[in-house]
Amino acid sequence: MAVVTDPVADAFREEWGKVVATLIRVTGDWDLAEECAQEAFAAAVRQWPVEGVPRKPGAWLTTIARHRAVDRMRREAVGAAKLREVAVMSYEPEPVDDAGIPDDRLRLIFTCCHPALVFEAQVALALRTLAGLNMAEIARAFLVPETTMARRLGRAKAKIRNAAIPYRVPPARLLPERTIAVLGVLYLMFNEGYTSPERRPLCDEAIRLARLLTELMPDEPEAGGLLALMLLHDARRATRLDANGDVVLLADQDRSRWDAAQIAEGRAALARATRLDRLGPYQLQAAIAESHATGSDWPLIARLYEQLAAVVPSPVVALNHAAAVAMAFGPAAGLALLDGLDIPGYHLLPATRADFLRRMGRHAEAAVIYEEALGMATVEADRRFLVKRLNETRGRAMEPSVIERGEQPYVGIRRTVTMQTIPEIADQIPVLAGWLGQRGIAPAGAPFLRYLVIDMARELVIEAGFPVAAPVEGEGEVFAGVLPAGRYVSVVHVGHPSGLYGAITELNAWADAQGLRWDAEQTPDGDKFACRLENYLTDPRVQPDMDKWETELAFKLAD
């Protein structure tokens, strides 16, 4: 007999929302509905390998869950009135609501999105009950801790129970007050299925419910905009991953394999929505998706994202705007827009920053930030893509190259040392890290040593420093400075720091062969080592083996 794990998993993805929605309708108890649905799936794991997969898995699961709910309510029933309620529930037929839509899942969304609940709780509750997402997945979608999300869901369920919020699609006059939350639920459902191939049915379900919603609310342009957006994105699903399940970038996708019928339906839905002349965020996003479907006009897409940022001033929109600007006007323009942007735990922010640096030829910096993004990514296809980029940039960083650097604020401690006392300056790096930590300032990159003057026989003037996102006030021996903008020769040395001298000698020979000159203003006569940076890319707390350390050498070139 075939292994039953896949049929049960498929049934969970496809039927969970239907089963829970039905049980909530007939019991009115959200926790009981979820618990009995879980028991039904547990029964499937036990029985299907023995009895075979039912012809209609959804009906089987709903029947089992409903019987469990009836049994539990009978055991807990007190008094004749309660027993009558259970008896009615046992034989209650499928209703058709007053809006004419016999769909428990649509009722469930509208119940979750009651205006008595805060927006975040509305969307999270629907994702839990309708889409079957666990607490960790919902928390990740909202970029909040799991415990915070659990409290929100508990409060939302209690409010529905205590306020006796009705389980129905509201009358037409009350639909607008729930529109934003309902659309948010559908879009998050779609995104969960879009980014996780194993949750593919969530995309289909979100599109199906969006079609129902446009029928229910034909004069709501954002309902049409959302439907268009999902259709246009979903049209590319066959090309987003290759045969190995690895991410394929938009520019590399085979457009001949895109679903032309879905693109046409999406464009038609967007056209109907925009004719209502009330532009909103879903219509703007659909217009961006439409541009991609017809050739990716990047200057237009950048303008659309700018409009979207004015309507929805979120950091994720700002990130997408920066990406579009980078495609339209170059990676340096996009990189400038990322300054000050912070989205905790969101791997696409460092991944985008690393991509801009890679395209600018700053491979050593890109490799460090790709590694940061890899530490945040959870979807396996995303992780494989980042590993590939990380390996590429590391390889390129180990080859000498000329790169452009902008001005970089930093904090530092300067020392005059000799070759014998040079460890003193390295000891200032943890001092600086502590100084920044006490003031709540996060470093904007790896620590470095900046060599200003090197006289191997007498004295060396060296700074230990950390880059920071914006200028700060120095204090005591800690000063604030700015690393100069300009062209630098860069290479990454992998190995024990004692091998840096040989790497420097080789880099000098390479620069001579290219006819390059170091910055004469800061280089004493005959000194080929001055004005260099040693960026320590490896965190010794993570990698204590010094033979595996990565250090970038960067020499400023004459202007």
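Structure shown above.
Predicted, not measured: the structure shown is a model, and the values here were computed from it. (Residues numbered from 1 in each chain as written. Predicted model: local features only at pLDDT ≥ 70, side-chain atom pairs only at ≥ 80, totals over all residues. Heavy atoms only, no water.)

A. Fine view of the pattern of salt bridges. For the structure on display, the rule yields 21 salt bridges. Residue Arg 359 is joined to Asp 355 by a salt bridge in which the shortest nitrogen-to-oxygen separation is 3.6 Å. Of this pair, Arg 359 and Asp 355 both sit in helix 17 (residues 348-359), four residues apart, which is roughly one turn of that helix. (Salt bridge = Lys/Arg side-chain N within 4 Å of Asp/Glu carboxyl O. Helix = DSSP H or I, 4+ residues; strand = E, 2+ residues; numbered from the N terminus.)

B. Spatial organisation of the environment of Ser 490. Structurally, Ser 490 can be placed in strand 6 (residues 486-494). For Ser 490, a relative accessible area of 5% puts it in the buried group. Discounting chain neighbours no more than four positions away, the residues touching Ser 490 are Glu 399, Pro 400, Ser 401, Ile 403, Glu 552, Leu 553 and Ala 554. (Buried < 20%, exposed > 50% of the residue type's maximum accessible area, 1.4 Å probe, protein only. Contact = heavy atoms within 4.5 Å.)

C. View of the nonpolar core. Residues Leu 23, Leu 61 and Leu 213 are the most contacted members of the largest nonpolar core, which totals 86 residues. The element best represented in this core is helix 2 (residues 30-51), accounting for 10 residues. Contact partners of Leu 213, with chain neighbours within four places excluded, come to Phe 110, Val 182, Leu 183, Leu 186 and Ala 223. Ranked by size, the runner-up nonpolar core spans 21 residues in total, among them Leu 335, Ala 351, Ile 369 and Leu 386. (Core = buried A, V, L, I, M, F, W, Y, C linked by side-chain atoms within 4.5 Å.)

D. Just the packing of aromatic side chains, in detail. Applying the stated criterion across every chain, the model contains five aromatic pairs. Seen in terms of ring centroids, Tyr 410 and Phe 448 are 5.5 Å apart; in terms of plane orientation they differ by 65°. Their pairing is edge-to-face. One end of the pair, Tyr 410, is in strand 2 (residues 408-417); the other, Phe 448, is in strand 3 (residues 448-454), and 38 residues separate them in sequence. The class for Tyr 410 is buried, based on a relative accessible area of 3%. Of the residues examined, Phe 448 reaches a relative accessible area of 1% and is grouped as buried. Pairing Tyr 410 with Phe 479 gives two aromatic rings, centres 5.9 Å apart and planes at 80°, and the pair type is edge-to-face. With a gap of 69 residues between them, Tyr 410 in strand 2 and Phe 479 in strand 5 (residues 479-483) connect regions that are remote in the sequence. Judged by its relative accessible area of 23%, Phe 479 is partly exposed. An aromatic cluster is defined as three or more aromatic residues linked by ring pairs; in this entry it consists of Tyr 410, Phe 448 and Phe 479. (Phe/Tyr/Trp six-rings, centres within 6.5 Å; stacked < 30°, edge-to-face > 60°.)

E. Structural context of the sheet that holds strand 7 (residues 532-536). The eight strands lie next to each other as 1-6-8-7-3-4-2-5, forming an open sheet whose pairing is antiparallel. At either margin of the open sheet sits one strand with a lone partner, and together these are strand 1 (401-405) and strand 5. The sheet shows a mean angle of 35° between the axes of neighbouring strands, taken without regard to direction. Pairing analysis gives five bridges linking strand 2 to strand 5, with the strands arranged antiparallel. When the bridges of strand 5 are listed, Val 411 appears paired with Ala 480. (Pairing = 2+ DSSP bridges. Axes fitted to C-alpha atoms, helices over the stretch in contact; angles between N-to-C directions.)

F. Region of interest: the pairing of strand 7. The buried count for strand 7 comes to five of five residues, which makes it a mostly enclosed element. Burial along strand 7 is two-sided: the residues Arg 532, Glu 534 and Tyr 536 and Leu 533 and Asn 535 are all buried. The pairing of strand 3 with strand 7 spans four bridges and is antiparallel. Its bridge partner being in strand 7, Leu 449 is matched across the sheet by Glu 534. Both strand 7 and strand 8 (residues 550-556) contribute to a ladder of five bridges, which runs antiparallel. Directly across from Leu 533, in strand 8, lies its bridge partner Ala 554.

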